[in-house]
Amino acid sequence: MAINVSSPELLRRFTTLSTRNYASPAFSVAAPLLSVNSNCRSIPKLCKLRESGVRSRAIVGDTELKIDEEDASLLGDDDSAEASSVDKPVDEIIPEVQERDFTGTPYVPIYVMLPLGTINMDCQLVDPDELINHLRVLKSINVDGVMVDCWWGIVEANAPQQYNWSGYRKLFQIVRDLNLKLQVVMSFHECGGNVGDNVHISLPQWVIEIGSKNPDIFFMDRDRRQNRECLTWGIDKERVLRGRTALEVYFDYMRSFRVEFDEFFEDGVITEIEIGLGPCGELRYPSYPAKHGWKYPGIGEFQCYDKYLMKSLKKASEVRGHSFWGEGPENAGTYNCKPQETKFFSDGGDYDSYYGRFFLNWYSQVLIDHGDRVLTFANLAFEGTPIAAKLSGIHWWYKTASHAAELTAGFYNPANRDGYAPIASVLKKHETALNFTCVELRTMDQHEDFPEALADPEGLVWQVLNAAWDVGIPVASENALPCYDREGYNKILENAKPFNDPDGRHLSAFTYLRLSPDLIEERNFVEFEQFVKRMHGDSVPDLEHCLEEEARTVDE
């Protein structure tokens, strides 16, 4: 049975169904998947029609259609006969699914993130010959450039203000010789222990030594377990790093980089500097550390129990006139709790009480103030060069009232409050671009894999991108997890170039995570090449035809 999704009445019914269940604009009548116009083309797509009680379900692309007997009658005379017997199992059918044609759409530059171990702990470039070969392959399909982390723990490893940039200089020269561009991350965090981390790079050894004597320079949870991913924001203005504040340490590092690589700035090879603002380089608290036993989709824990942040909380409570509020919540659960298992995050819980609102306002404002301060120094160090800040896509528990996982990470974004608009305003103040993750994730997939997480990455992406666009700052993005399939790339494209946006808004750039042997594998790379062309607005032949031609050439 072929499902004709262009049938007006069925389209209306499906749109009503989908918008009833999902808040994301990806499920609206204007969504690219369902649009029938000159910018769309049909491609074959396998789906299954499965028996499900009285109704049947058809999986079309990312979308589930529920078809009952009344809907089946809308399919036409020939199809209704088949639809009337939906109790008979059908293994596979091939409907016509609409895929947007991005030819002539705005050009979105594509960068590819380099492997984490590109530079070793001695600040030497690892296997430059293999890297050159891979970069040439990327250049052959018109990738615009690469992104690389400049690790604080490597460059300033042994002593304060003694910087070793040697491996990065060799890398940058290779990139320039191949006529590629560079996005560089000022990485003031630890590498290792998170998803996708295959190397370990600690903070500088001299910082670790200070922390052994003063553990409160790091974030701590309620049980005072130390997290060494990055420095607590409580010491931004405290002279505890051998006479310097954390802000001064960050600024000295950034200024040294700017002076060392001046020629690459002047030549336009370095196009953007992303400023590390927390764990994984993201502006958030380290609220879900795997090293402390966190597993998806746990709500995480508040990270404000070092003495410097607790001093700030006590002061804020005294100013408010309620000194007994100068403690963190006692009923917020542990790392792997669900919201409904806690009195703080459950529906109607203490997160929305007078104390809860006070605490969450303070907690989120500390995050925003840290970003504000570091970006002020970043603009001084990199005057004239575009800078960016990265936000993480914490999409689990997004469909609950409290948005618990976002709250513990510092995003005060419950159902009755916009937690991303204040962050966007600070980025606007410093003319800083927003880099956001998880644009490849689909809500339907999350619902199928982890239904208990009540996740909605599409809704989150829509909220955050619009918060940034509303204040007029550039928005870039990257994928949260490795992506090699057409569906993931299509989701990125939908977010990169929203269909029929009246203001023509689109991403300023996209960074692919990351260069690896899997990406270079033949079929994956062909798919990636098509994705690059579509992000550039180039004409793309049908992918299946390309693969058939390639296979035929190999056979010959």
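Of the regular secondary structure elements, the protein chain holds 19 helices and 16 strands. A total of about 23200 Å² of accessible surface is found on the protein chain, and carbon and sulfur atoms cover 49% of it.

Membership of the largest hydrophobic core comes to 148 residues, with the highest contact counts inside it found for Y168, F172, M186, L231, F257, I275 and F528. Examining the composition of this core, we find that 13 residues originate from one element, helix α11 (residues 354-381), more than from any other. Beyond its immediate stretch of four places on either side in the chain, L231 contacts W152, L203, V207, I217, F218, F219, L241, A246 and Y250.

Another aspect to go through is the confidence of the model for the protein chain. Of all residues in the protein chain, 79% attain a pLDDT of 70 or more, and the chain-wide mean is 85. Note that residues 1-94 has pLDDT below 50 and, in this model, 154 contacts with residues that lie over four places away or in other chains.

The topology assignment puts S346 in the loop between α10 (307-320) and α11. When neighbours within four sequence positions are excluded, S346 is seen to be in contact with P339, Q340 and Y351.

So, about the environment of N379. Note on placement: N379 falls in helix α11. Residue class for N379 comes out partly exposed when judged on its relative accessible area of 25%. Setting aside chain neighbours within four positions, we find N379 in contact with I387 and H430.

The term disulfide refers to a covalent linkage connecting the sulfur atoms of a pair of cysteines. Taken as a whole, this structure holds 0 disulfides when the rule is applied. Distance from the sulfur of C230, which forms no disulfide, to the nearest cysteine sulfur (C280) is 9.1 Å.

We now examine the pairing of strand β11 (residues 226-231). Where strand β10 (residues 218-220) lies against β11, 3 bridges are found, and the strand directions are antiparallel. The residue of β11 that forms the bridge with M220 is Q226. What sits between the antiparallel neighbours β10 and β11 is a turn of 5 residues, in which R224 has the positive phi angle 60°.

The parallel closed barrel is built from 8 strands, whose spatial order is β7-β8-β9-β12-β13-β14-β15-β16. Taken over all neighbouring pairs, the strand axes of this sheet differ in orientation by 30° on average, direction set aside. Examined bridge by bridge, strand β14 (residues 433-436) and strand β15 (residues 475-478) share 3 bridges and lie parallel to one another. The partner of L434 across the bridge, within β15, is V475.

In this section: the packing of helix α13 (residues 421-429) against helix α15 (residues 457-471). Contact pair α13 / α15: the axes reach a minimum separation of 9 Å and the direction vectors enclose 40°. In terms of their interaxial angle, α13 and α15 are classed as oblique. Crossing of α13 against α15: the hand is right-handed. Taken together, the residues of α15 that come into contact with α13 (itself represented by A421, A424, S425 and K428) are A467, A468 and V471. Of the residues that constitute the contact of α13 with α15, the class distribution is 5 nonpolar, 1 polar and 1 charged.

Here α10 contains 14 residues, and its C-alpha end-to-end distance of 20 Å stays within 8% of the 20 Å for a straight helix at 1.5 Å per residue. Looking at α10, one finds that the buried residues are Y308, L309, M310, L313 and S317. Where the residues of α10 are buried, they touch β10 and α11. The residue sitting at the N-terminus of α10 and contributing the capping side-chain oxygen is D306; that oxygen lies 3.0 Å from the backbone nitrogen of Y308. Within two residues after α10, G321 carries a phi angle of roughly 95°, on the positive side.

All right, on to the packing of helix α16 (residues 486-496) against helix α18 (residues 522-536) then. Remark: α16 packs on α18, axes separated minimally by 10 Å, with the N-to-C direction vectors making an angle of 10°. For the element pair α16 / α18, the angle class is roughly parallel. Relative to α18, α16 is oriented so that their crossing is right-handed. Across the interface between the two elements, R486, Y489, N490, I492, L493 and A496 from α16 touch E527, F528, F531, R534 and M535 from α18.

The linkage connecting Y296 with the following residue, P297, adopts the cis geometry, with an omega of 5°. Note that P297 resides in the loop between β12 (270-275) and α10. Of note, the bond from L513 into R514 is cis; its omega dihedral lies within 30 degrees of zero at -15°. Residues other than glycine seldom take positive phi values, yet N142 does so here, at roughly 70°. With respect to the helices and strands, N142 occurs in the loop between α4 (128-140) and β8 (145-151). Of note, the phi angle at E431 is positive, near 50°, even though the residue is not glycine. Among the structural elements, E431 can be located in the loop between α13 and β14.

This part covers the side chain of D501. By the element assignment, D501 lies in the loop between α16 and β16 (509-512). What makes D501 buried here is its relative accessible area of 14%. A polar side-chain atom of D501 sits 2.8 Å from the main-chain amide nitrogen of D503.

Opposite charge on two side chains permits them to pair, given that their charged atoms come into close proximity. Using the criterion set out here, one finds 34 salt bridges in the structure. We note a salt bridge from E494 to K491, for which the minimum N-O separation is 3.0 Å. With E494 and K491 both in helix α16 and 3 residues apart, the pair spans about one turn of that helix. Look at K491 and you get buried, because its relative accessible area is 3%. A network of salt bridges, in which partner residues are shared, links R169, R176, E260, E263 and D267.

Rules of the game
Residues numbered from 1 in each chain as written. Predicted model: local features only at pLDDT ≥ 70, side-chain atom pairs only at ≥ 80, totals over all residues. Heavy atoms only, no water. Helix = DSSP H or I, 4+ residues; strand = E, 2+ residues; numbered from the N terminus. Areas by Shrake-Rupley, 256 points an atom, 1.4 Å probe, with all protein chains shown as cover. Core = buried A, V, L, I, M, F, W, Y, C linked by side-chain atoms within 4.5 Å. Buried < 20%, exposed > 50% of the residue type's maximum accessible area, 1.4 Å probe, protein only. Contact = heavy atoms within 4.5 Å. pLDDT = per-residue confidence, 0-100. Disulfide = S-S within 2.5 Å. Pairing = 2+ DSSP bridges. Axes fitted to C-alpha atoms, helices over the stretch in contact; angles between N-to-C directions. Parallel < 35°, antiparallel > 145°, perpendicular 65-115°, else oblique. Left-handed = near helix turned anticlockwise from the far one by under 90°. Nonpolar A, V, L, I, M, F, W, Y, C, P; charged D, E, K, R; others polar. Expected span 1.5 Å × (residues − 1). Polar contact = N/O pair within 3.5 Å; in protein donor to acceptor, adjacent residues only side chain to side chain. Salt bridge = Lys/Arg side-chain N within 4 Å of Asp/Glu carboxyl O.

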